[in-house]
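Residues per chain are reported as follows:
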Amino acid sequence: MRKILHADCDCFYAAVEMRDDPSLSDIPLAIGGRAAQRGVVATCNYPARRFGIHSAMSMAQAVRLCPHLHILPPDFDRYRRVSAQIQTIFHELTPLVEPLSLDEAYLDVSDIERFHGSATWMARWLKRRIYEQVGIIISIGVAPNKFLAKIASDWDKPDGLFVISPDQTDHFIANLPIDKLHGVGPATTEKLHNMEIRTCSDLQRQPLAHLLEHFGKFGARLHELSRGIDERPVKLERERKSISVETTFDRDLKSLEECRTALAPLLVKLDERIERNGRPALQKLFVKIRFDDFSLTTFEIAGTSAEAAYFLPLLEQAWQRSARPVRLLGAGVRLTPPEAGRQISLFD
Ligand SMILES: [Mg+2]
């Protein structure tokens, strides 16, 4: 039986700002782009959440909800430094750390003998040590696998520690709404709701063949997840070389115009992902297309900014290579190797 922790800082960017300037702690605070520049809330503190503000909301709307909202631009250099300190503390406990973003990681502590092997005590120790040494509050979920650990870390945020032990798994999962399952987004949720499937126990009653028929390969995954099964290993930290997003469409896109329309929401998602990784330095931008004949093409150019306008010509060039209906569209960025970044900062 594995023991997995999912650790996730509470409103990380805002937490760093409040740590460094305690006068911000009790006032509504949002980190993100200015309303006038069509900015978006990256993170906000709990006083701001009481006004209904949440991340990914437009800053203009946030200011309408709370006119005295205090807005700060993100300071990714500082967030990256704090993140590195937290990662160091994770590694004091176990070498098996898989970072997901600046403030989030999975830890496999199955073979750790400290604290008599109690994952709950390890989680308590991590929370205390990170608070004492870095001044940041982190929520931790403890479970036998990744997907349950991630749900657990969110379960009693802020300052949470929630444990799903192996013998509690069945009970915990029975009433879990299906949109909490890993990989189930709004479209799948709607489809499941239309089939009168709302909780994992509803899902458990569906025969595997039925799920395969409606959801393809993902049906098998739903079958497993609804039983609390998730065998994904905690993958060791490795240098991230690119960040990308892609979608396979329910029906093929017939024209370049349809592709342009479909690219826009992908780019929003890509930008969110770049942001969660602390806006690393970019080297190249690319667009990927799979046509209806399954041929795949990628078009890339050098670029340091992931603004939407730069991707449109890439889409056109890639599409013109076959000019056929499109099954899959992807967009991404390749990152500058960190050594290059460090060398530059030496000369700053
Ligand atoms: Mg977080």
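Further up the page is the structure itself.
Note that the structure is a prediction, hence the values are computed from the model and not measured.

Draft legend 1. Highlighting the overall build of the protein. Counting its secondary structure elements, the protein contains 14 helices and 12 strands. Over its C-alpha trace the protein gives a radius of gyration of 22 Å, about what one expects of a compact globule, namely 20 Å for 348 residues. If one aligns the C-alpha atoms of the protein with their principal axes, the spans along those axes are about 60 × 60 × 45 Å. Across the 348 residues that make up the protein, the buried fraction comes to 43%. At a minimum sequence separation of 6, the contacts of the protein that also span at least 24 residues come to 62%.

Draft legend 2. Broad picture of the nonpolar core. If you look at the biggest cluster of nonpolar residues, it comprises 37 residues, and the most contacted ones within it are Phe12, Ile86, Phe90, Leu107 and Ile136. Counting only elements with at least two residues in this core, the list comes to strand E1 (4-9), helix H1 (12-20), strand E2 (29-32), helix H4 (76-93), strand E6 (104-108), helix H5 (119-134) and strand E7 (138-143). No fewer than three residues from each of domain 1 (4-12 + 77-168) and domain 2 (21-74) sit in this core. Filtering out sequence-adjacent residues up to four positions away, isoleucine 136 remains in contact with Cys9, Phe12, Ala15, Val16, Arg19, Val82, Ile86, Ile130 and Tyr131. By size, the runner-up hydrophobic cluster in this structure holds 28 residues, among which are Phe249, Leu314, Val333 and Leu335.

Draft legend 3. Structural context of unusual backbone geometry. For the bond from lysine 157 to proline 158, the omega torsion is -5°, close enough to zero to count as cis. Positionally, proline 158 belongs in the loop between helix H6 (146-155) and strand E8 (161-163). For phenylalanine 294, which is not a glycine, the phi torsion comes out positive at approximately 70°. Of note, alanine 323 is a non-glycine position whose phi angle comes to about 50°, a positive value. On the secondary structure map, alanine 323 appears in the loop between helix H13 (308-320) and strand E12 (326-335).

What counts and how
- Residues numbered from 1 in each chain as written.
- Predicted model: local features only at pLDDT ≥ 70, side-chain atom pairs only at ≥ 80, totals over all residues.
- Heavy atoms only, no water.
- Helix = DSSP H or I, 4+ residues; strand = E, 2+ residues; numbered from the N terminus.
- Rg over C-alpha atoms; globule rule 2.2 N^0.38 Å.
- Buried < 20%, exposed > 50% of the residue type's maximum accessible area, 1.4 Å probe, protein only.
- Contact = heavy atoms within 4.5 Å.
- Core = buried A, V, L, I, M, F, W, Y, C linked by side-chain atoms within 4.5 Å.
- Domains from an automatic or database assignment.

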